Amino acid sequence: MSGGTGVTPMTAAEIAYAVGSGSVSAKDVVEASLVQIEKRNPAINAFTDVTADAALADARKIDDAVAAGTRLPLAGVPFAVKNLFDIEGVVTRAGSKINRGNAPATADATLVKHLRRQGAVLMGGLNMGEYAYDFTGENIHDGNCLNPHDLSRMSGGSSSGSGAAVASGMVPVSLGSDTNGSIRVPSSFCGLFGLKPTYGRLSRHGTYPFVGSLDHLGPMARSAADLALVFDVLQGADPIDPAQAARPALATYEQIDQGADRLRIAVAGGYFRERAEPEALAAVDTVARALGASDEIDITEAARARAAAYVITSAEGANLHFDRIVARPGDYDPDTRDRFLAGTTVPALWVQQAQRFRSWFRAKMRRIFEDVDILLAPATPFSALPSGTKTITLDGITMPARPNIGLFTQPVSFIGLPVVAVPVWLEGAALPIGVQVIAPAWREDLALRAAAELERTGVCRAPVAA
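Predicted, not measured: the structure shown is a model, and the values here were computed from it. Each residue is numbered by its place in its chain's sequence as written, counting from 1. For this predicted model, a pLDDT threshold of at least 70 governs which residues receive local features, and a threshold of 80 or more governs which side-chain atom pairs are given and counted, while totals over whole chains, interfaces and linings are taken from all residues. Based on all heavy atoms of the structure, the side-chain values leave hydrogens and waters out of the count.

Undergrad: Sorry, what's going on with the pattern of salt bridges here?
TA: Pairs may arise between side chains of opposite charge once their charged atoms sit close together. We count a salt bridge whenever a side-chain nitrogen from Lys or Arg sits within 4 Å of a carboxyl oxygen from Asp or Glu. Summed over all chains, the structure comprises 20 salt bridges. Salt-bridge contacts for glutamate 301 lead to arginine 304; the nearest nitrogen and oxygen are separated by 3.3 Å. A salt bridge links arginine 337 to aspartate 338; the nearest nitrogen and oxygen atoms lie 3.2 Å apart. Note on aspartate 338: relative accessible area 41%, which makes it partly exposed. Three exposure classes are used, based on accessible area relative to the maximum for each residue type with a 1.4 Å probe and protein chains only: buried under 20%, partly exposed in between, and exposed over 50%.

Here it is as structure tokens:
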């Protein structure tokens, strides 16, 4: 499959307008999505659960509502969610063998409810790395999710199906989760726009946790405008989620075309350039030129931020899974199990020191954002790796692939900053690679504006894989 040569079907915004205006029916849109799922999913393995009957029933209700004059911002837009989101009547797998023995969910996750109330149509649950502890998209229980642009390559994880389903055109938007980079990595590998909002912005109620102090939820799409359209609908207070911040909703879709001319933009240097492959550096430089960014800021202690994020991830993840690992060790992917077991040995003092450093690093980055509005950094050190890759060599150091693909994303999610991953197709490249557009806390609108400007100028684009 050739990179970047595919077609670009209707965006979520175009579908919503067409269905809302009556020029096309939600039923026709959903049936077309089901055709694409039937055609493309067997090779890509993005979907684990297809909720066809419920989707068609929802489509009929939406067509009736539109005919009655009801306005729905996402009328008829198909979407799917990482299978750690609760879907009423479906078992919440969380990419695992153990969870599939649970009873089906009795209600949708909060974010799924938000989308369905505004006219979006849920098509099903998507493949993911086991318990979200993965950057590759490889799953021994449900099978590997493959990259639609090259089926010999990884889709990236842990929101693997969320990336592959959108990049292949099965759905225009999806929801994923991002603890240390699990939206941004598949967005980079699959060539998509992906939004990791500020920590605490969106409700996480009705989703299977990984690391409570680091987990984020967000959308993935083939356009920046679709990200904004969906993000605006996803917002809303949810008293059931104690981690959600009490902040007013931020309207981003209406600002998406304001451009980036007045934004102060710089490139993250130091750590963010030291272990990047030439293609990752070239992608950042391409985006920087397009946005007129010439300044470089060395983010000192970013390496330590990544190490601290690793300590917290290991300790919290191990605590969550300890009882299950003791009772059913053979039902885990051995790699996942061993990483959780390693987390049980992390001293409490290390976790305490990591949390103290987290506060220091957050304050440091807050001061940096007093002088800039946007920072640019690689999303991944390289484009999608061949499936089955076990080790990588960066800056002369050989290391395991699975935990280190996210070495540029972890320092950012560590302090909960909002990021839009944007896709870059370098000249002559067969695969895309992503760039992180990082904004200050609670300013998703700035990152989305910059992403939309890059899309408008043609620097960033997300065609459906051929």
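Undergrad: Help me out: how do you make sense of the side chain of arginine 40 in this one?
TA: In this description a helix means any DSSP run of H or I spanning at least four residues, a strand means any run of E spanning at least two, and both kinds are numbered starting from the N terminus. Inspection of the secondary structure assignment puts arginine 40 in helix 2 (residues 26–44). Under this rule, positive means Lys or Arg and negative means Asp or Glu; His and the chain ends count for nothing. Lacking a salt bridge, the buried arginine 40 has aspartate 150 as its closest oppositely charged neighbour, with an N-O distance of 11 Å. Within polar-contact distance, the side chain of arginine 40 engages the backbone oxygen of alanine 465 at 2.9 Å. Each polar contact in these results corresponds to two N or O atoms within 3.5 Å; when the atoms are within protein, one needs to be able to donate a hydrogen and the other to accept it, and residues that are neighboring in sequence are counted only if both atoms are side-chain atoms.

Undergrad: Is there a simple way to explain helix 1 (residues 12–21) in this structure?
TA: In an α-helix, one full turn covers 3.6 residues, which means residues spaced three or four apart are oriented alike. Every buried residue of helix 1 is accounted for by Ala12, Ala13, Ile15, Ala16, Ala18 and Val19. Note on helix 1: the residue one or two positions beyond its end, glycine 22, has a positive phi of about 85°.

Undergrad: Would you explain the confidence of the model for the protein chain in this entry?
TA: Chain-level pLDDT for the protein chain is 96 on average; 98% of the residues reach the 70-or-more range. pLDDT under 50 marks residues 1–7. Its contacts with residues more than four places away, or in other chains, come to 22 contacts. A score from 0 to 100, pLDDT tells how confident the predictor is in each residue. Residue contacts follow a heavy-atom distance rule, with two residues in contact if any of their heavy atoms lie within 4.5 Å.

Undergrad: Is there a simple way to explain the nonpolar core in this structure?
TA: As a rule of thumb, soluble globular proteins bury nonpolar side chains together. Residues Phe47, Leu376 and Val422 are the most contacted members of the largest nonpolar core, which totals 149 residues. With 8 residues, helix 7 (residues 224–234) is the single largest residue contributor to this core. Among all residues touching valine 422, those that are not within four sequence positions of it are Leu192, Phe193, Val287, Ile433, Gly434, Val435, Val437, Ala451, Leu454 and Cys460. Each nonpolar core is a collection of buried residues, namely Ala, Val, Leu, Ile, Met, Phe, Trp, Tyr and Cys, held together in the definition by side-chain atoms within 4.5 Å.

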